[in-house]
Structures are given as structure tokens and as C-alpha cells.
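Architecture and fold: a report
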Amino acid sequence: MQTLIGNLRYAIRQLWHARTYTVVTILTLALGVGANTAIFSVVQAVMLAPAGVVDPATVASFHARYVQLNLPSIGVSVPDFADAVSLGQIVDAGALVQRTSFNATFNGRTQHLRAGQVTWKWFQVFGAQPILGRTFTPEEDQKGNTREVVLSYALWQELFGGSHDALDKTILLDGNSFRVIGVMRSDFDWPRGEQLWMPLGLVPQDYSAGNRFNESYDSVVRLRPGATLAQLNTALEQKRLEEIRREGTGSFALSSGWSMFAQPWTQDAAGSLRKPLFALFAVVAMILLIACANISGLMLARASTRTRELAIRTALGASLRQIASQFIVETLLLAGTATLIAIAAGPALGRFLLLAIPHDLAAGFVVHGTLRMVVVAAAFGLATSLLSGIAPILAVARSYKTLRLAEQGRSATTGAIQQRFRSLLVTAEIALAFLLVAGAGLFLSSLKELQHVDPGFVSEGVLAGSVTLNASNYHDQPLKEALFLENVTSRLSQQPGVVAAAAVYPLPFGKGQMPSASFSIQEHPTGPNDPGPHSDLRWATPGYLATLQIPLLKGRWFSAEDRSGHPPVAVIDDLLANAYWPGQNPVGHHLRGGGPQSPWVEIVGIVSHIRKDSLEADENKGVIYLPMAQSPVDEAAFIVRTKIAPDSLRATLAEAVHSADSTEAIYNVHTLDSLVSDSLAARRLLVLLLTLFGGLALLLAAIGIYGLLSFTATQRTTEIGIRMALGAQRWQVIALVLRQSFILIAAGIGAGLCLTLAAQRILTHAFAAMNTGLSISMLLAAASLAVVAALAAAIPANRSARVDPMIALRNE
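Residues numbered from 1 in each chain as written. Predicted model: local features only at pLDDT ≥ 70, side-chain atom pairs only at ≥ 80, totals over all residues. Heavy atoms only, no water.

**Section: the overall build of the protein**
When helices and strands are counted, the protein shows 25 helices and 23 strands. Here the C-alpha coordinates of the protein stretch approximately 110 × 60 × 55 Å along the principal axes. By the burial criterion, 52% of the 812 residues in the protein qualify as buried. Taking the contacts inside the protein whose residues are at least 6 apart along the sequence as the reference set, 81% of them involve residues at least 24 apart. When the accessible surface of the protein is totalled, it reaches about 36,100 Å², and 59% of it is carbon and sulfur. Averaged over its 62 positive side-chain charges, the protein has a centre that lies 17 Å from the centre of its 57 negative ones. (Helix = DSSP H or I, 4+ residues; strand = E, 2+ residues; numbered from the N terminus. Buried < 20%, exposed > 50% of the residue type's maximum accessible area, 1.4 Å probe, protein only. Contact = heavy atoms within 4.5 Å. Areas by Shrake-Rupley, 256 points an atom, 1.4 Å probe, with all protein chains shown as cover. Lys, Arg positive; Asp, Glu negative; His and termini not counted. Charge placed at Lys NZ, Arg CZ, Asp CG, Glu CD.)

**Description of helix H3 (residues 78-85)**
Helical geometry note: an α-helix holds 3.6 residues per turn, so side chains three or four residues apart project in the same direction. In terms of residue burial, H3 counts as a mostly covered element, since six of its eight residues are buried. For H3, the full list of buried residues reads Val 78, Pro 79, Asp 80, Phe 81, Asp 83 and Ala 84. Considering only its buried residues, H3 is in contact with strand S1 (59-66), strand S3 (91-106), strand S10 (218-223), helix H6 (229-247) and strand S11 (258-264).

**Side note on the pattern of salt bridges**
Throughout the structure, instances matching the rule amount to 17 salt bridges. Its salt-bridge partner being Arg 650, residue Asp 647 comes within 2.9 Å of it at the nearest N-O pair. When salt bridges that share partners are traced, they join Asp 80, Asp 83, Arg 212, Glu 243 and Arg 246 into one network. (Salt bridge = Lys/Arg side-chain N within 4 Å of Asp/Glu carboxyl O.)

**Focus: a nonpolar patch on the surface**
Taken together, the side chains of Ile 328, Leu 332, Leu 382 and Leu 386 present a nonpolar region at the surface, about 380 Å² in accessible area. Looking at the nonpolar patch, the elements that each hand over two or more residues are helix H11 (320-356) and helix H13 (371-399). Within the element layout of this structure, Leu 382 appears in helix H13. For Leu 382, a relative accessible area of 48% puts it in the partly exposed group. (Patch = residues over 30% accessible without salt bridge, like charges linked within 9 Å, V, L, I, M, F, W, Y side chains within 5 Å.)

**Section: the side chain of Asp 536**
One can find Asp 536 in strand S16 (residues 534-540). Residue classification places Asp 536 among the buried positions, given a relative accessible area of 1%. Ignoring any residue separated from it by four or fewer positions in sequence, one finds Asp 536 in contact with Met 514, Pro 515, Ser 516, Lys 612, Asn 620, Lys 621, Gly 622, Val 623 and Ile 624.

**Side note on the packing of helix H16 (residues 478-493) against helix H19 (residues 650-660)**
Where H16 meets H19, the axes come as close as 9 Å, and the angle between the chain directions of the two elements is 140°. For the pair H16 and H19, the sense of crossing is right-handed. Along its contact with H16, which presents Phe 484, Asn 487, Val 488, Arg 491 and Leu 492, the element H19 presents Thr 652, Leu 653, Ala 656, Val 657, Ser 659 and Ala 660. (Axes fitted to C-alpha atoms, helices over the stretch in contact; angles between N-to-C directions. Left-handed = near helix turned anticlockwise from the far one by under 90°.)

**Some points on the pairing of strand S21 (residues 623-627)**
Judged by how many residues are buried, S21 sits mostly within the fold: five of five residues are covered. The alternating pattern of S21 places Val 623, Tyr 625 and Pro 627 on one face and Ile 624 and Leu 626 on the opposite face, and all of these are buried. In this sheet, S21 lies alongside S16 in parallel orientation, the contact comprising five bridges. Directly across from Trp 539, in S21, lies its bridge partner Leu 626. Both strand S18 (residues 569-573) and S21 contribute to a ladder of two bridges, which runs antiparallel. Bridged to Val 571 within S21 is Tyr 625. (Pairing = 2+ DSSP bridges.)

**Quick notes on the nonpolar core**
Considering soluble globular proteins, one finds that nonpolar side chains tend to be buried as a cluster. Counting residues in each nonpolar core, the largest one holds 117 residues, and the members touching the most others are Trp 122, Phe 126 and Tyr 544. With 15 residues, the single largest contributor to this core is helix H21 (residues 681-715). Filtering out sequence-adjacent residues up to four positions away, Trp 122 remains in contact with Ala 95, Leu 96, Val 97, Phe 188, Trp 190, Pro 191, Trp 197 and Val 220. If you look at the next biggest cluster of nonpolar residues, it comprises 37 residues, including Val 498, Ile 521, Trp 581 and Val 669. (Core = buried A, V, L, I, M, F, W, Y, C linked by side-chain atoms within 4.5 Å.)

**Observations regarding unusual backbone geometry**
The step from Trp 190 to Pro 191 runs through a cis peptide bond, and the omega angle for that step is -5°. Along the chain, the position of Pro 191 falls in the loop between strand S8 (176-184) and strand S9 (196-199). With an omega of -10°, the peptide bond running from Tyr 505 to Pro 506 counts as cis. Mapped onto the elements of the fold, Pro 506 is located in the loop between strand S13 (498-505) and strand S14 (516-518).

What follows is the structure, encoded as C-alpha cells:
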């Protein structure tokens, strides 16, 4: 202990006398460790410990899939859920949720509220406790008894001003009274964006075998202590086999490739942020490596200047262990100080980073400083100290036997091996910086390419806003619903500057999911083991094609005659036509969904395929369009194409809905162009942060080159003085110093080229449109590094050229 304290005191004195070196080292390490800590704090908030959930590692999301129908992950049915919760030795609790929404009337004002209908153990699965009141009981989760609601913290503040008197108060949802029984904490937001929760109220018939393949719910389960996800998935596979045996010959489960599976709930919660965060974590790890290479080079340089000191200590009897321990203590002191700075700044940087993430992606996540974050930051600091300190310690160990006081002249120079190692570190810095800059260029090129992807419709000049039809007014009243939709679209079409107006559900590039279903083709009946065709579904009014300018390829679109009481019709897109009617004209053929009791529907037209929600990936399997007047739905998005600025019609859109029905509230009013653009929000975030980190990598590489050449020039002062005394010109000295930098730059860029080519192959499998812009990205990266490196090398080169030969030789 006394030796350790002595080493610590000596290290503090040494570092205090070399204050510039100490400050640069600590700040560089703090930058690398802090960047990693900040990214980890966001990863923790998004993928490891989302806010408001107790022990999220034991919560799993539960899904179904159909391999033959190209449905890799969808919701579950009630029988699926019953199978999962029956596994009592593995599952502690389970719950279902179905998203819905209501028109709420409060203090004479109508507004739209997003709600989650949940089974009574929903909050128990997440370990969430209300801050006021209670959650649901089993008796309240019964059909006919679902008249209680639990409010989100934000809605409690909005409706009741945070008053504790809100308990037992009533609110009107679609004209029905619901009693407030609880208020959740502000950090609980699951499902994300819901403003209130109410009991689902399943009935015994929902659990019947006939509902096995009616996946209408999302589900979560909490595992028992000691149970694993692998055990749960093994048990679910047994349930799948039992279902196949129950169905017997011609099993739909077998022919469709149906199965159930569970995965970490945090994977669902993170959503589209997962890939960008993993990519950023890899990027900041490279930043940390560059920082470590810089510091390792600085430490090597400093170790070489302390040769006389080490020789004196050796002559006085210091052992290699004592000398090495002194370097270890200094390295740990520097890295420990940097780590403390990173721990203090990491959460703040993480919160700042979270603010840079678009709200729709970051909602529900909160960055907190936790013990786990401290441990991870300490681990980063320890790894940094090892990576930075190993080189100087090895250099000292290698030269220990040659440390003799008589051999140490005043101009002792660094060894060739040590110099080559520093050059190797700088080359590695340049290579990693090249990779980051070229990677930023690749993602920027991919973003530009994706921005030019044709979604299949014209989004410019279109305003969209949604309504949820009041269940009290429109349930089982298709004529009234059709009249409302026609009334609103007619009012909008008559407004000045409006080109066309329509209603559609779901809205392309909207926030909701696209409904899908299996269907039958009258002219091509399926066999007993054939799961049959499958498609997405969309409902629209006659003005839809004109409003979005979607091409009609064959037949006709819906007209005012396609309403209730007239022969049912449908329109399909060309993707579905090519999949199930290859080389044929489907117009005039018939299809049917919903079972044998449903009527056959005539296909009257084919339209061009459009993307449903992303410019990055086109996951559509083909769409069946149905007229809203014949197949009513309880939601609709009104779309308006205008010759003027679309945002100027916000008030007009709201007024048209209110005039048609004052109990309806318009919500999610956006320009369609902004919704299409928002689908690339995660990619834009990645490009922005990669550009920032690429610039940081360039700066660190420049510092590394500057440090190496400055130290080398100092060590070669005598040589340069002799050269100048013998007649060397200033430009020759500059060229001599720059030659080393050009060799390092060329070697680093060459290694960076190889790294970039390998990385591009990997990124192509994870991100869309990563196969373009490679050449220009590498060219720009090489040019940037060449310019930065040349500027970094110019200062020491110019300083070397100003050496006075007499002073240099006198010092020798």
C-alpha cells in the first residue's frame, strides 16, 4: 500500500509538471470514453431498460408467423395467448392489447384520444404501478363491465390539471361514460403513445379453436424467475405440434407454415432505432480506438523523453516491476480522471442525443444515469487504460536491460522499434478515420438515392387528416357512414384551390399498420393443403386515385354507384395481379375474403402498386382495394390535393369534418410529403451523427499525425542541423519531414480502402441502398484525409526548416 501511495504521489507530480500533456491526454480519453458512455446511455434507455418497466429483461413479446404467406411477425389470436399463459412453469403473467381510439367529450369540447384495450394483467406484466388510484380487476375485464379507464399522466394533467379529485370522475368516450380509477406514472408509455387504458373484455367464444388464426392482438408475457426465452419458445413449439395434430389431415397450420414465437420485448420497443444505434455504437467504438492510438503515441513519446530519469532509477536499484508499476499508475490515473468526466457528462450527452432523434422514434424513452451505466463507463475506462498504456510499458520492459546511465546522452533518441510502432498507430488512426468518413459518405449517398425512390403516388401538394368514427353514431350503420364520408369529401372538393379530395384507410405512409387477410379466388380454388393467397387491404372512396395521382392500368376505379345494395366490387394492384394471375387479365374475375358465407366480389380494375410505409423497403405483398361505401370501416383519413400550400387548408379540413358531424374530431393532420419524408428519419439521423463522428475522427487523426511528426522533428533536431550546416535548403528539410507523413497517409488510406470495402459488404445486408456512391465516398474520404494530414504535417515541417544549425550542434 505504501508503494502504491508513493507511486501515486510521484505520478501526480510528474503529470502536474507536464500539464499540457496531462490535459490533452485526459480530454482525448474523456472524449472517447464519454462518446461511448453517451451512446450506451441511449442504448440502455431504448434497448435495455425502457422507462417505466421493472426488470424488462424478463418481459417478452409474443408473435405469430406464417412462412408460406410471407408473414414473418404479426400479432396473435386469443387461443395463441391462452396457450402461452397456460405455461405456468415458464410464464408468470401475460396480457393482450388492442389499439383503438375514441372521440372524447370533455368540458363541451370534442377531441381524439388514443387508447389501449388491455386484459387486466397488462400493468402487472410490466411491473407498473399507478401514482394515483389502482388498475383493473378480473371482474372489470368482463364483457359488459368494461366501463373503467386508467389515464396516462399527460392526459390526467390535460383533462384534470393533475388534481387528485380525478378519481371516480367520468369522461365521455364516443358518447359512453367511463369512470377514472387510476393514473399511471409519467414514464409509463406502453403501448407507446396511448393516452388511456381500458379493459378488453374477452368472452369465452374468443378462446374457441375457430379463432386460432384470427390474429387481432399484440401480446406480452413476463417470465418466471429462472425461466428463459429459449424454454418458452421450446414450449410454444410443442403447442404448435399439438395444434397440427388437432387439425388432422389438411392442417392449415402445417400448410401455411404457422408457428408462435417469443422474443425480447425490448426488441419490439426499440423498433426502427435498433439498427442505427448498433451502427453508432460501432462508430464510437472506433472513435475510442483512435483516441487510444493517439494517447498511446503520446505516452510512447513521453516515455522516450524520460530515458535519463529511468536510467537513474535503474542505477539506484529500481526493478522492472517498480518502473512498470509507475507507468501503470500514471495510465490508470489519467484514464480514471477521464472516466469520471465521462460518467458525469455521459447522461447529459445521451439526453442531448435523444433530443436529436425524431419524436416519433424517441417517444417513451428517457435517459438516466444508472449503476449499469457507471459500470460500463468504468469498463470503457479500464479498456482505454489497457489499450493506451500497454505500448509504453512494453517499450520500457524491452529497453530495461540497456538502461545504463553512462549510455544516456543528452540527445538520446527514440528506438527504431518504438518509432515504427508509433507510425503504425498513426496509420491505424488514418485507416479508421478513412472508414468513418467514407461510411458517412456511403450513408449520405444512400439517403439521396432513397429520397428519389418513387412511392407510386405524388405526395406533393396533399394534406391528410384522420378521424375515428364515433361508435355510438355509426356502428352497424353503413349508409350513415357513407353519407358522412361523401359529405366531407364533397365540402373539401368545393373549396378554392382544391383539385381533388377523398377518404382512405389506412393512409399510405401513415402511422398505423396495414390490415391483411387471406382470400379465395373463384376461378382457382385452393387444394386442401394450400393456405391460399394473402394480401394487404385498403378501403377508399371514388376520388382516391385522382387525389394521389395513382395510375389506373386496366378496367375502372370505384364510382358513386359502388355503394351498399349494389354488386360488390374490388380493385387490385399490379403486384397482386402478377402474383396470382400471371399472364392473365384479372378484371372480371372474382375473389372472396372472410369465409364461405361472404359474397364473391368482382375485380373491376387494376391500379399501379404503391409503397405502404417506407422508402427503404417495399414489403407489400399486393393490395385489394374495397369501396368504403360497400365495406365500412371505423377509421378514415381525408386527403386533399391542392394547388396552394397544403398547410393553409388545415382549418378548412377541420371545419369540413365539424360541419358534417360535430361529434367527430380531426387528428394527425400532416402534409403527405412530410409523412413520406419521415419514413427516412432514422436514416437522416444516422447520416447526421456519422458526419459529426467522421469529422471528429479527422480531427483526432490530424492530432495524431501532428504529434508524431512534431516529436520526430524534435528528435531529429541534430540531424537537421547537420544537414543545414552542410548546405541543405529549407524546402529540402520540409520535404524530408513531409515524406514521412505522406508514407503514413498512403498506408492509412490503403488500409482504410480495404476496411471500407469489407464494411460496405456487411452494410448492404443491413441497410437499403448501400450499393451506390462507394467510389465517390472513398475518393472524398481520401481527399479529406490528405488535406487534413497535410495541414497537420505542415506545422512541424515548417518548424524543422527554421532550425538554427549552430544552436542544434551546440545543444549536442
